[in-house]
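Spelled out from the first residue to the last, the chains are:
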Amino acid sequence: MLDRLEIGCTAVTSRDEAVTVYHESIREARRFDAVMIDLDTFGDNEAEELIRGLCRIDPFAMVIISSQTTRNPLMVDYRNINIHKRILKPYTVESLGSVIRELLPNN
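Here we summarise the structure given alongside this text. (Residues numbered from 1 in each chain as written. Predicted model: local features only at pLDDT ≥ 70, side-chain atom pairs only at ≥ 80, totals over all residues. Heavy atoms only, no water.)

### Considering helix α3 (residues 44-57)
Now for step 1: The end-to-end C-alpha separation of α3 is 20 Å, in line with the 20 Å expected for 14 residues at 1.5 Å each.
Now for step 2: Among all positions of α3, only A47, L50, I51, G53, L54 and C55 are buried.
Now for step 3: Buried residues in α3 make contact with α1 (15-27), β1 (35-38), α2 (39-42), β2 (63-67) and α4 (73-76). (Helix = DSSP H or I, 4+ residues; strand = E, 2+ residues; numbered from the N terminus. Expected span 1.5 Å × (residues − 1). Buried < 20%, exposed > 50% of the residue type's maximum accessible area, 1.4 Å probe, protein only. Contact = heavy atoms within 4.5 Å.)

### What to know about the side chain of N72
Now for step 1: With respect to the secondary-structure elements, N72 resides in the loop between β2 and α4.
Now for step 2: A relative accessible area of 7% means that N72 is categorised as buried.
Now for step 3: Each residue touching N72, except ones within four places of it in the same chain, is listed here: L39, D44 and S67.

### Quick look at the environment of G97
Now for step 1: Position of G97 relative to the elements: it lies in helix α5 (residues 93-103).
Now for step 2: The buried category is assigned to G97, whose relative accessible area is 4%.
Now for step 3: Placed 91 residues apart in sequence, G97 and E6 show a C-alpha to C-alpha distance of 9.9 Å.

### Concerning the sheet that holds β1
Now for step 1: If you trace the 3 strands from one edge of the open sheet to the other, you get β1-β2-β3, paired in parallel fashion. Across the chains shown, the open sheet's two edge strands, defined by having one partner strand only, are β1 and β3 (85-88). Here the average twist between neighbouring strands, direction ignored, is 20°.
Now for step 2: Seen against the sheet, α5 touches β1, β2 and β3 and runs at an angle of roughly 175° to β3. (Pairing = 2+ DSSP bridges. Axes fitted to C-alpha atoms, helices over the stretch in contact; angles between N-to-C directions.)

### Overview of α1
Now for step 1: Helix length check: α1, at 13 residues, gives a terminal C-alpha distance of 18 Å against a target of 18 Å (1.5 Å per residue), a fit within 8%.
Now for step 2: Along α1, the residues classified as buried are A18, V21, Y22 and S25. When α1 is viewed along its axis, its buried side chains cluster within an angular range of 100° and face the same direction. Opposite the buried face of α1, at more than 90 degrees from it, the exposed residues are D16 and R27.
Now for step 3: The secondary structure elements touched by the buried residues of α1 are β1 and α3.
Now for step 4: Of the residues one or two after α1, A29 is the one with positive phi, at around 55°. (Arc of directions from axis to C-beta.)

### With respect to the nonpolar core
Now for step 1: Counting residues in hydrophobic clusters, the biggest one holds 19 residues, and the most contacted among them are I37, L39, I51, V63, I65 and I83.
Now for step 2: Elements that contribute at least two residues to this core include exactly α1, β1, α2, α3, β2 and α4.
Now for step 3: At 5 residues, the largest contribution of residues to this core is made by α3.
Now for step 4: In this structure, I83 is in contact with I51, V63, I65, L74 and Y78, ignoring residues within four places of it in sequence. (Core = buried A, V, L, I, M, F, W, Y, C linked by side-chain atoms within 4.5 Å.)

The structure is reproduced here in structure tokens:
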């Protein structure tokens, strides 16, 4: 989907890898515009730890979360832990693009 929106991405498979890759991007002055976290992959606790870890590295990290359910505690209370946007799965290219444009209007 991101390819269809002409948005580059870096995929990771673990919380530790995500924090490492994000930290390297900051150190190399090529900060990511946003981070999208699939709560169904990471789980609530691991996702929350990941978000807190990213925000320790970069308090201005732009975080988008996605989940299949609105009952997920992070989806309900997303603004209290530095999450900027949320999107419910399954989403379309258009709805994902809309969320990204709202978060990053200059991109």
